[in-house]
Amino acid sequence: MRQRLRRVVAVCAALLLVAGCATGRVGEPIPDGDDVAKYVGTKFAATLERLDDDLGENEPRKSTHRSFMRIGELKSDNTVTAIQVGSPPDRFYKNHSNRNSADYRDYFLPAGSDVEYTLLGPDYASLAPTPWVSMPYSGEGLNICFWGGYLTVCKIFTAVNRSMESSEVDKTAKSLADGSTELTIGMPLRIFLEERIVVLPDWLLEEIPESLLDKVIDTRILLSPEGDLKEIEMQGLLSDSGQEVEIKQHYQVLEPPTEHEIPAVPSPDEVTELTTDKEIDEFYDRMSEITSSRE
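Structural notes, computed from the coordinates. Just so you know, these numbers come straight off a predicted model, no measurement behind them.

1. Remarks on the overall build of the chain
And then number 1: Secondary structure summary: the chain contains 6 helices and 12 strands in total.
And then number 2: Every one of the 295 residues in the chain was classed for burial, and the buried ones make up 46%.
And then number 3: Accessible surface, the chain as shown: approximately 15,000 Å² in total, 48% of it carbon and sulfur.

Dropping the structure here:
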């Protein structure tokens, strides 16, 4: 994974050599020419390097990602909160619906544990006789992007890289008054869907007309004065022949958390252990039936 991300960084920097902007005052686009090309490429490359390196470090981290998508009248609206504390870190992320307080799943990976625990909200209570389930954790030693708390932000960066390959989309960089840098790009809906930034059932994907797939979603990436990722925002209201797709994605890096934001390991009598592939597959198949419902 690390080598793949570094290859993408190199491609990203090379592609940005063709990107030009306007004037150079604070709050304005950075000047045209070789300097801006090098600057923008370096900023995107540094962001991807930090995604690969810094997110894998053990310092306390907390982020939220609100994800809204509407296809016609059908809506998906949830917030993922990701927390890591300690060295080695405990990792905890919460996936909560913004429309239904009973629709949530919380995932807890204690430091050094070979199992991950899932707390089931009321909408998923039928999946197990206890409030928690556990299953073997298979991501040990893998890149941080394989952990659910950072999975979607990694998908977004992959989609940004793919979008960079198009000469048809705008790419800009702008310095802000506080020393932050704002990077923007248009992302085709086709790439957004193929990278599964929002995971949709097949029957719903089929309802998106082909005519919308090349329309773009405005994507903004905000870096701190030190080059750290602070925020990603994506917005688009795409329509054609009476069909509409609306997208709002907002990822924010928050102030570092404390150990009090991590739950205690549940007691054995609160946990249903899933240990075989068959048990785990059946669990996820049943969960998919709930999450893929039209209701």
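2. Section: the state of the cysteines
And then number 1: Enumeration according to the criterion identifies 1 disulfide in this entry.
And then number 2: Between Cys145 and Cys154 runs a disulfide, and the two sulfur atoms are separated by 1.9 Å. One disulfide, between Cys145 and Cys154, carries an S-S torsion of -75° and so falls in the left-handed class. Like Cys145, the residue Cys154 is buried in the burial classification.

3. Description of the sheet that holds strand E12 (residues 271-273)
And then number 1: Read from one edge to the other, the open sheet built from 12 strands follows the order E7-E8-E9-E10-E11-E1-E2-E3-E4-E5-E6-E12, with strand pairing classed as mixed. Of all strands in the sheet, those bounded by a partner on one side alone are strand E7 (171-175) and E12. Across the sheet, the mean angle from the axis of one strand to that of its neighbour is 15°, orientation sign disregarded.
And then number 2: Direction of pairing for strand E5 (residues 115-120) relative to strand E6 (residues 132-136): antiparallel, over a ladder of 5 bridges. If you follow Val115 over to E6, its bridge partner there is Pro136.

4. Side note on the pattern of salt bridges
Charged atoms that come close allow side chains of opposite charge to pair.
And then number 1: Applying the stated rule across the entire model yields 15 salt bridges.
And then number 2: For Glu195, the salt bridge is made with Arg162, and the minimal N-O distance between the two is 3.0 Å. One end of the pair, Glu195, is in the loop between helix H4 (189-194) and helix H5 (202-205); the other, Arg162, is in helix H3 (residues 148-164), with 33 residues separating them in the sequence.
And then number 3: Given a relative accessible area of 18%, Glu195 falls into the buried group.
And then number 4: With a closest N to O distance of 2.8 Å, Arg220 and Glu233 form a salt bridge. Placement of the pair is Arg220 in strand E9 (residues 216-223) and Glu233 in strand E10 (residues 229-240), with a sequence separation of 13 residues.
And then number 5: Taking the relative accessible area as the measure of exposure, Glu233 reaches 22% and is therefore partly exposed.
And then number 6: Three or more residues joined by partner-sharing salt bridges are found here, namely Lys174, Glu182, Arg220, Glu231 and Glu233.

5. Structural notes on the packing of aromatic side chains
And then number 1: The final tally for this structure, using the stated rule, is 6 aromatic pairs.
And then number 2: Taken together, a centroid distance of 6.5 Å and an interplanar angle of 85° make the contact between Tyr117 and Trp132 edge-to-face. Linking Tyr117 in strand E5 with Trp132 in strand E6, this pair joins segments that are 15 residues apart in sequence.
And then number 3: When its relative accessible area of 9% is taken as the criterion, Trp132 is described as buried.
And then number 4: With centroids separated by 5.3 Å and ring planes inclined at 85°, the aromatic side chains of Trp147 and Tyr150 adopt a geometry described as edge-to-face. Like Tyr150, Trp147 is buried.
And then number 5: The ring of Trp147 is capped by Arg91, whose NZ or CZ atom sits 5.7 Å from the centre of that ring.

6. A few points about the nonpolar core
And then number 1: In terms of nonpolar packing, the biggest core is built from 55 residues, with Met69, Leu189, Phe192, Ile208 and Ile232 touching the most fellow members.
And then number 2: The leading source of residues in this core is H3, at 8 residues.
And then number 3: Contacts of Met69, omitting those with residues within four sequence positions, involve Leu74, Lys75, Ser76, Phe192, Leu193, Val198, Leu200, Ile208, Val245, Glu246 and Ile247.

7. Let's talk about the pairing of E9
And then number 1: Counting buried residues in E9 gives 6 out of 8 residues, a clear majority hidden from the surface.
And then number 2: By the bridge criterion, 6 bridges tie E9 to E10 in an arrangement that is antiparallel. When the sheet's bridge partners are listed, Leu223 is paired in E10 with Leu229.
And then number 3: Taking the residues between adjacent antiparallel strands as the criterion, E9 and E10 are bridged by 5 residues, where Gly227 takes a positive phi near 90°.

8. Considering H3
And then number 1: For H3, with 17 residues, the first-to-last C-alpha span of 25 Å sits near the 24 Å given by 1.5 Å per residue.
And then number 2: The element H3 is largely enclosed, with a buried count of 13 among its 17 residues.

9. Focus: the environment of Val133
And then number 1: By the secondary structure assignment, Val133 is in strand E6.
And then number 2: With 150 residues separating them along the chain, Val133 and Phe283 place their C-alpha atoms 9.7 Å apart.
And then number 3: The residues contacting Val133, other than those within four sequence positions of it, are Glu116, Tyr117, Thr118, Leu120, Ala128, Val271, Thr272, Leu274 and Phe283.

Cut-offs applied
Residues numbered from 1 in each chain as written. Predicted model: local features only at pLDDT ≥ 70, side-chain atom pairs only at ≥ 80, totals over all residues. Heavy atoms only, no water. Helix = DSSP H or I, 4+ residues; strand = E, 2+ residues; numbered from the N terminus. Buried < 20%, exposed > 50% of the residue type's maximum accessible area, 1.4 Å probe, protein only. Areas by Shrake-Rupley, 256 points an atom, 1.4 Å probe, with all protein chains shown as cover. Disulfide = S-S within 2.5 Å. Pairing = 2+ DSSP bridges. Axes fitted to C-alpha atoms, helices over the stretch in contact; angles between N-to-C directions. Salt bridge = Lys/Arg side-chain N within 4 Å of Asp/Glu carboxyl O. Phe/Tyr/Trp six-rings, centres within 6.5 Å; stacked < 30°, edge-to-face > 60°. Lys NZ or Arg CZ within 6 Å of the ring centre and 35° of its normal. Core = buried A, V, L, I, M, F, W, Y, C linked by side-chain atoms within 4.5 Å. Contact = heavy atoms within 4.5 Å. Expected span 1.5 Å × (residues − 1).

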